[in-house]
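A structural walkthrough
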Amino acid sequence: MQKQNEPLRFLVFSASLRKDSLNEQLAKLTRDVIVKNGGIVDYAQMSEFDCPSMNQDLEANDFHPDGAKEFRKRILANDAFIISSPEYNGSMPGLLKNTIDWVSRFRPQPFNERHALLMSASPSMAGGNRALWSLRMPLEHLGTRVYPNMFSLAMAHKAFDPKGNIADQTLQERFETNLVAFMNLAEAAKNYPCIKKAWVEFLGEKTDDVTERVE
Ligand SMILES: Cc1cc2nc3c(=O)[nH]c(=O)nc-3n(C[C@H](O)[C@H](O)[C@H](O)COP(=O)(O)O)c2cc1C
């Protein structure tokens, strides 16, 4: 009998500390869609990952702030992570970058080879999308496989219905399709690593010592 794969685990959080955060609403919708599609959600609050401002002098004696330790633990305990981030002045919030900087100091470096999906919500017409381009940069620098399709919810203060879904049905479907596609990619990356070999063969290369790049 074929062995059933375990459900995938996703760390989900909003990078806002605000009580009535729009990104929190989007993160909660993300949680619901993942569960509906058979995934397990580890739902976190940004306050759990909050860190003092990066100062290398604090790093004496291998010090890591509690927020960084917690974020690292949760990244490693899950198969992939999803951040819904506000946009502050055309970029990601400083507290999120600060936490990423602290977490990047652990060895092995926890972001390396993890899969991530980025989303944003904003009252603006661009939905906070520029924050995601800035967030993509340090994560990719650290080796995270950031999913190409990012989701930004424009006019987010008017976008949700009373049940917490996106009121525009076409947009809700697009949100779900993107999320499920990311879940499928994370699942394939976890359970079917042999796909790497297929990639080499697709290029028509012989897998010998000279051309083998994906051992
Ligand atoms: C310091 C600051 C800068 C902001 N800059 C932007 C911006 O560049 N683009 C944007 O769409 N919204 C901007 N906003 C508005 C936020 O998108 C809005 O407050 C949003 O609700 C924050 O996300 P949250 O609801 O999850 O806390 C800014 C808000 C603050 C506090």
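Remember, it's a predicted structure, so these values are computed and weren't measured experimentally. (Residues numbered from 1 in each chain as written. Predicted model: local features only at pLDDT ≥ 70, side-chain atom pairs only at ≥ 80, totals over all residues. Heavy atoms only, no water.)

1. Thoughts on the packing of helix 3 (residues 94-103) against helix 4 (residues 129-141)
Packing of helix 3 against helix 4 brings their axes to within 11 Å, and their N-to-C directions diverge by 0°. In terms of orientation, helix 3 and helix 4 fall into the roughly parallel class. Touching Leu96, Lys97 and Ile100 of helix 3 are Leu135, Pro138 and Leu139, all from helix 4. (Axes fitted to C-alpha atoms, helices over the stretch in contact; angles between N-to-C directions. Helix = DSSP H or I, 4+ residues; strand = E, 2+ residues; numbered from the N terminus. Parallel < 35°, antiparallel > 145°, perpendicular 65-115°, else oblique. Contact = heavy atoms within 4.5 Å.)

2. Regarding the pattern of salt bridges
A full pass over the atoms with the stated rule returns 13 salt bridges. For lysine 36, the salt bridge identified is with glutamate 176, shortest N-O distance 3.0 Å. Of this pair, lysine 36 sits in helix 1 (residues 22-36) while glutamate 176 is found in helix 5 (residues 169-191), placing the two residues 140 residues apart along the sequence. Judged by relative accessible area, which is 58%, lysine 36 ranks as exposed. Glutamate 176 gets classed as buried once you look at its relative accessible area, which sits at 19%. Among the salt bridges present, the one from lysine 190 reaches aspartate 79, with a minimum N-O distance of 3.2 Å. Separated by 111 residues along the polypeptide, lysine 190 in helix 5 and aspartate 79 in the loop between helix 2 (66-77) and strand 3 (80-85) bring together distant segments of the chain. Assessed through its relative accessible area of 41%, lysine 190 is described here as partly exposed. A single network of salt bridges, built from pairs that share partners, joins Asp42, Glu48, Glu70, Lys73 and Arg74. (Salt bridge = Lys/Arg side-chain N within 4 Å of Asp/Glu carboxyl O. Buried < 20%, exposed > 50% of the residue type's maximum accessible area, 1.4 Å probe, protein only.)

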